[in-house]
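Survey of secondary and tertiary structure
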Amino acid sequence: MSWPGAKSLDELKETYVFPEWTAPPAETWLNRTENLGVSFSGGGSRAFSSALGQICALRLLGLWPKVRYATSTSGGSWALTSYSYRNRSADTFLGNCSTLSKNLEISSPLAALSFPSEASLIEDYTNLRGSQWIKAIAQIFIAPGGADPDAIMGWVNTSSNNNTASLYTPNEDPYPLIGISIWGPASETPRTNGSLRVITTGPFAVGTGLESNVSYNDNTFAFGGFVTPSNFPHMTLTTAAGFSSFAQGGALATLFGKIINTAAGLPRSYTSNNITIQDMLYADGGTVENVHLSALLQRGVTRIFAFFNTITPLNLDFDPYTEIANASLVADDLTSFFGIKDTQASPTHDYSGIQLFATSDLPPLLKALQDSVRSGLGGIVTSNHTTIENIQLGVPSGLHVTITWYYLSFSSLWLDQLSPISRKLIEKDPLFIHFPHFSTADLHLSVAQASALASLASWTLLHNNVTTSSLSL
């Protein structure tokens, strides 16, 4: 089954009907939820662990069942995919959320925070080919949650195929959208120009809402619309989580030609609304949009939690009103949404075309985040914004949105309330020198490291409930 996309941003904004709104479970899901979305950033095991803590906090606050959509990229996708398609209860999967903010011990051997400790099974991730990468991610982050990694993504009652993975609890979880970037066809590499695109894969449809033509070097291709996961081709849990986190894909497409990309990348056909293009190169969704806001904005979501589980500490000494917020001071995946482009181009990602909000909105946001971190409560701020038009991401102008921005930051007040044993671990253990900004490349985290990240993320949300509760009104 396929669905055409909107022919214009005005149609997308005013009249377009997304495929999941017409699915059999849609009425119950839409009536249960509010126009509220969450988005989990990429960042490897650091992002995976933090996202689980954030899910815990939202469940304890009573907000999680109200969330309509959850989007993710990379490590955030490992968390969202494994959680959404788990075959066990949330309490069994996550562990004891109620004690997470004070205790760094794992209460259950099945708790998902133990998954990154198994990443040592693979010695060198950076040298893995695309096909090897997605198998490794399935082994470490998907299979331990109980889901069949080779099952096709599906929703309740959407297929009688025994090889379809249905959402475990569609009556209490958001509709998950996994972000994946497309860097063009292998035949057009090394990539020298052309707009990148981001698609989402969910349990009912894969694609993007706006139809558009994209040029890569000398060729133009049509994008837009949706197909079912079984038609794209064979969108399994492994494919979704693996494609969404293949960070090497961007560098391969930028630096190497067809032979290398065909052998080491992720060349697959692209299918949408009866159009098939061979050998398109897929990569980490975070190489284009590390917090997948566009899928939420396309669907008219007006209240959003944006979780930046970043490797970059927020610099508290610079003045965002008088100094340029470059990537050494604040994460560029955040500032790029406001049109700030770092002068140091990277072959691994391209954030040059993702501005969604006015540049003038950025200084007060960064100043508020700095003040929040200085207070000891961590980096969390709620602000209001209006979108500007973005063809590449398929976002129309004039959308009014309230966003709670979470920026991963150390919290002295969180440290003060930990048990003595846990506090000593954070302060003295060499493994925690760079906490909480562990390297994205270090997929192997000990259970204590992963638990500390989840604990910090959970505590920050729970103790800023005045801010977060504003989104539940």
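The coordinates are above.
So, here's what we can say about the structure. (Residues numbered from 1 in each chain as written. Predicted model: local features only at pLDDT ≥ 70, side-chain atom pairs only at ≥ 80, totals over all residues. Heavy atoms only, no water.)

1. A look at the packing of helix 3 (residues 44-60) against helix 4 (residues 74-84)
Note the following rule: The axes are straight lines fitted to the C-alpha atoms, using for helices just the contacting stretch, and the angles between their N-to-C directions are given from 0 to 180°. For helices the rule is a DSSP run of H or I covering at least 4 residues; for strands it is a run of E covering at least 2, with both sets numbered from the N terminus onward. Angles below 35 degrees are treated as roughly parallel, those above 145 as roughly antiparallel, those between 65 and 115 as roughly perpendicular, and all remaining angles as oblique. Left-handed describes a crossing whose near helix is turned anticlockwise from the far helix by less than a right angle; the clockwise case is right-handed. Any two residues whose heavy atoms approach within 4.5 Å at even a single point are treated as in contact. Residues are sorted three ways: Asp, Glu, Lys and Arg are charged, Ala, Val, Leu, Ile, Met, Phe, Trp, Tyr, Cys and Pro are nonpolar, and all the rest, Gly among them, are polar.
Contact geometry of helix 3 with helix 4 gives a least axis separation of 7 Å together with a crossing angle of 50 degrees. Here helix 3 lies oblique to helix 4, going by the angle between them. Seen along the crossing, helix 3 lies across helix 4 with a hand that is right-handed. For the pair formed by helix 3 and helix 4, the contact residues are Gly44, Ser45, Ala47, Phe48, Ala51, Leu52, Ile55 and Arg59 on the first element and Ser74, Gly75, Gly76, Trp78, Ala79, Ser82 and Tyr83 on the second. Its residues assigned to classes, the contact of helix 3 with helix 4 shows 8 nonpolar, 6 polar and 1 charged.

2. So, the pattern of salt bridges
Just so we agree on the cut-off: For this analysis, a salt bridge means a side-chain nitrogen from Lys or Arg found within 4 Å of a carboxyl oxygen belonging to Asp or Glu. The buried label applies to any residue whose accessible area, calculated with a 1.4 Å probe on protein chains only, is under 20% of its type's maximum; exposed applies above 50%, and partly exposed to all values in between.
For the coordinates displayed, the defined rule picks out 10 salt bridges. The residue aspartate 416 makes a salt bridge to arginine 423 at a minimum N-O spacing of 3.2 Å. A residue is classified by how much of its surface remains accessible, and aspartate 416, at 46% relative accessible area, is partly exposed. On the accessibility criterion, arginine 423 (28% relative accessible area) is partly exposed. Through salt bridges with shared partners, one network takes in Lys367, Asp371 and Arg374.

3. Quick look at the nonpolar core
Put simply, the rule reads: Residues enter a nonpolar core if they are buried and are Ala, Val, Leu, Ile, Met, Phe, Trp, Tyr or Cys, with the set joined through side-chain atoms within 4.5 Å.
In this structure, Val38, Tyr270, Tyr282 and Phe435 are the most contacted members of the largest nonpolar core, which totals 85 residues. Sorting elements by how many residues they give to this core places helix 15 (residues 447-462) first, with 9 residues. The residues touching tyrosine 282, leaving out its near neighbours within four places in the chain, are Ile180, Ser181, Ile182, Ile199, Phe232, Phe243, Phe246, Gly249, Leu266, Arg268, Ser269 and Tyr270. By size, the runner-up hydrophobic cluster in this structure holds 61 residues, among which are Ala6, Leu9, Trp29 and Leu356.

4. Some details on unusual backbone geometry
In this structure, the amide linkage connecting threonine 189 to the following residue, proline 190, adopts the cis form with an omega of 0 degrees. By secondary structure assignment, the location of proline 190 is in the loop between strand 6 (175-185) and strand 7 (197-201). Backbone geometry places serine 74, a non-glycine residue, at a positive phi of 50 degrees. Within the element layout of this structure, serine 74 appears in helix 4. Look at serine 74 and you get buried, because its relative accessible area is 6%.

5. Here's the deal with empty space enclosed by the protein
This is how the line gets drawn: Think of a 1 Å grid over the protein atoms and nothing else: a 1.4 Å probe that fits but is trapped marks a cavity, an open set flanked by protein within 12 Å on at least five of seven lines marks a pocket, and residues with an atom within 4 Å of a point count as lining. Grid points are joined across faces, edges and corners, and a volume is the space filled by probe spheres set on the points.
Under the definition given, this model contains 2 cavities of 30 Å³ or more. Estimates place the volume of the largest cavity at around 60 Å³. What lines the largest cavity is Arg197, Val198, Thr208, Leu210, Ser212, Phe223, Gln298, Ile391, Gln392, Leu393 and Gly394. Of all elements in the fold, only strand 7 and strand 8 (206-216) reach the threshold of two or more residues within the lining of the largest cavity. Considering every element that reaches the lining of the largest cavity, the biggest residue donor is strand 8, with 3 residues. Partitioned by chemical class, the residues of the lining of the largest cavity number 5 nonpolar, 5 polar and 1 charged. Considering only enclosed or pocket space, the second largest cavity measures out at about 50 Å³ in volume. For the lining of the second largest cavity, the secondary structure elements donating two or more residues are strand 7, strand 8 and helix 10 (293-298).

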